Amino acid sequence: MDIYQQYAYSYPHKLAYREFDKPLSLKEVWQTENQTKLFAYLHIPYCEMRCGFCNLFTIANPKQGLDSYLAALRREATTYRAALPNIQFEEYAIGGGTPTYLNVDQLANMLSIFKNVLGVDTNEKYGSIETSPKSINADKIKLIEAYGINRISIGIQSWIEAETKQLGRPQTPSLAAMAIRQLVDSAIPEVNIDLIYGINGQTTESWQYSLESTVAYQPTEIFLYPLYTRPLTGLAKINSQPTNENRPSLYRQGREYLLANGYEQVSMRCFRSLTAPTVPSNYDATLHGMIGIGAGARSYTTKVHYSGPYAVSRKAIKSIIQHYSEQEDFSSINYGIHLNEEEKIRRFLIKSLIDGGRLNTHTFREMFNQSIFELEVIQDFFDQGFLEKESNFIQLSRTGLEMEDWIGPALFSSQVNDRMNTFQLL
Ligand SMILES: C[S@@+](CC[C@H](N)C(=O)[O-])C[C@H]1O[C@@H](n2cnc3c(N)ncnc32)[C@H](O)[C@@H]1O
Ligand code: SF4
């Protein structure tokens, strides 16, 4: 059984989105929704390079267009504020791409749009921003501190240069070390470091070296990602595909090492320091909506999920960004997916069990008027030892955590699978 199906951190997957028959107005879509405790997301689709493994909505080294992108972001945020004057945000994330690819003035502009136009109180609410070794510097850190952003996440992937080269992300360990030193010495309370396992040529020893080099900085969080080779990425285009057979053993090695060195396991990927602060947020993805701004950002209501179009190739992403940057009217949406009752249940299961959640059986009964134990798939997961129950909560067991990338996709409906399989990926 191939346990590496995919990282199911959201549902339905964006490959299941399509153009709507007719556009819906923002106001209409949100009218009947709870507009408090929302999650705000801002997307910057730029990076200094396109890593070989990455299929995120981003382009490397754009020669121009950043200022017009930010102007469109301002128009989109203004539209939300005007259409939905009562929205309140509980948590936020600024991602990409690499938001710190922007220069200091652009970053200040972006943060001001997020806080003063969209209305996300970054200083009061819990939030996160992504960065990369090459794009971070002292001035940008100062800005991030001033906006009170709680967590900064940096992709290191490996401390071995030959391995980052293999990943199509050439990066010297000394550059990575310099960037992390600045982050851990800053006033930003939480630093997360991403590592990847299953790289061609990676061994038990080299993985151990990357784990130890990471723990040496005592970051509040470490994410261990199994390597996936995704369609149309740089890695998918080269001949020597990673065989990846060692992913399960490298996962266990990483897990044991981090558990023995002051970290607890939150999900298959996430390990959090025992001394990390508790996350002070009341946002619950099974109950509360999300508003995403920027090209490629997704938004979630109870009935509709929507975004701009998605692509992977540079040419297609560039044209989507250009279209976004020229857009004047953001008051309607025309791309996404409607969720029927079955999809709502599936989403509840995925958002509760995958990525560190706990499923509240009482909430499930209240929302869907049935017992979770009536679902065959849940009984089946219990029988296979993937789940454990404690009072009215269900969560992944130790075996379940290891199987997270199989369990999530096993909960997808055939309708969503069909849509994903027939998506025309450009
Ligand atoms: C949003 S991205 C990274 C943020 C930032 N742009 C950077 O690269 O430093 C989050 C993380 O997902 C992981 N990731 C992305 N694509 C992956 C893939 N195909 N296989 C394994 N991990 C992947 C990487 O560890 C990456 O750092
Ligand atoms: S991994 Fe990060 S830096 Fe690399 S292309 Fe993806 S978003 Fe950009």
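Residues numbered from 1 in each chain as written. Chains lettered and ligands numbered in written order. Predicted model: local features only at pLDDT ≥ 70, side-chain atom pairs only at ≥ 80, totals over all residues.

### Topic: the site of ligand 1
And then number 1: Around ligand 1 sit 18 residues in total, of which Phe53, Ser132, Gly155, Asp194 and Tyr225 are the nearest.
And then number 2: Sorting the residues of the shell around ligand 1 by element identifies strand 5 (89-96), strand 7 (151-157) and strand 8 (190-197) as the ones contributing at least two each.
And then number 3: The greatest single-element share of the shell around ligand 1, amounting to three residues, is contributed by strand 7. (Near = placed C-beta within 6 Å. Helix = DSSP H or I, 4+ residues; strand = E, 2+ residues; numbered from the N terminus.)

### A closer look at the site of ligand 2
And then number 1: Inspection of the region around ligand 2 gives Cys47, Arg50, Cys51, Cys54, Leu56, Thr58, Gly96, Gly97, Thr98, Ser132 and Gly155 as its neighbouring residues.
And then number 2: Class assignment of the residues belonging to the shell around ligand 2 gives a composition of four nonpolar, six polar and one charged. (Nonpolar A, V, L, I, M, F, W, Y, C, P; charged D, E, K, R; others polar.)

### Quick word on the domain arrangement of the protein chain
And then number 1: Each domain of the protein chain was delimited in the assignment, giving domain 1 (14-273) and domain 2 (341-413).
And then number 2: Domain 1 and domain 2 are separated by 27 Å when their C-alpha centres are compared.
And then number 3: Counting residues at the interface gives seven residues for domain 1 and six residues for domain 2.
And then number 4: Across the side of domain 1 that touches domain 2, the residue classes tally to five nonpolar, two polar and no charged. (Domains from an automatic or database assignment. Contact = placed C-beta atoms within 7 Å.)

### Some points on the nonpolar core
And then number 1: Core analysis: the biggest nonpolar cluster contains 78 residues, and Ala40 and Met110 have the highest contact counts within it.
And then number 2: With 25 residues, the next largest nonpolar core counts Tyr11, Tyr17, Ile378 and Val416 among its residues. (Core = buried A, V, L, I, M, F, W, Y, C linked by C-beta atoms within 7 Å. Buried ≥ 20, exposed ≤ 12 C-beta atoms within 10 Å, placed from the backbone.)

### With respect to the environment of arginine 419
And then number 1: Looking at the secondary structure, you find arginine 419 in helix 16 (residues 414-421).
And then number 2: Sequence separation between arginine 419 and lysine 14 is 405 residues, and the spatial gap between their C-alpha atoms is 9.7 Å.
And then number 3: Excluding its chain neighbours within four sequence positions, the residues that come into contact with arginine 419 are Ala16 and Arg18.

### As for the environment of isoleucine 94
And then number 1: Summarising the element assignment, isoleucine 94 is placed in strand 5.
And then number 2: As for isoleucine 94 and isoleucine 129, which are separated by 35 residues in sequence, their C-alpha atoms are 4.6 Å apart.
And then number 3: Non-local contacts of isoleucine 94, meaning those with residues more than four positions away in its chain, are made with Leu42, Pro99, Phe114, Ile129 and Glu130.

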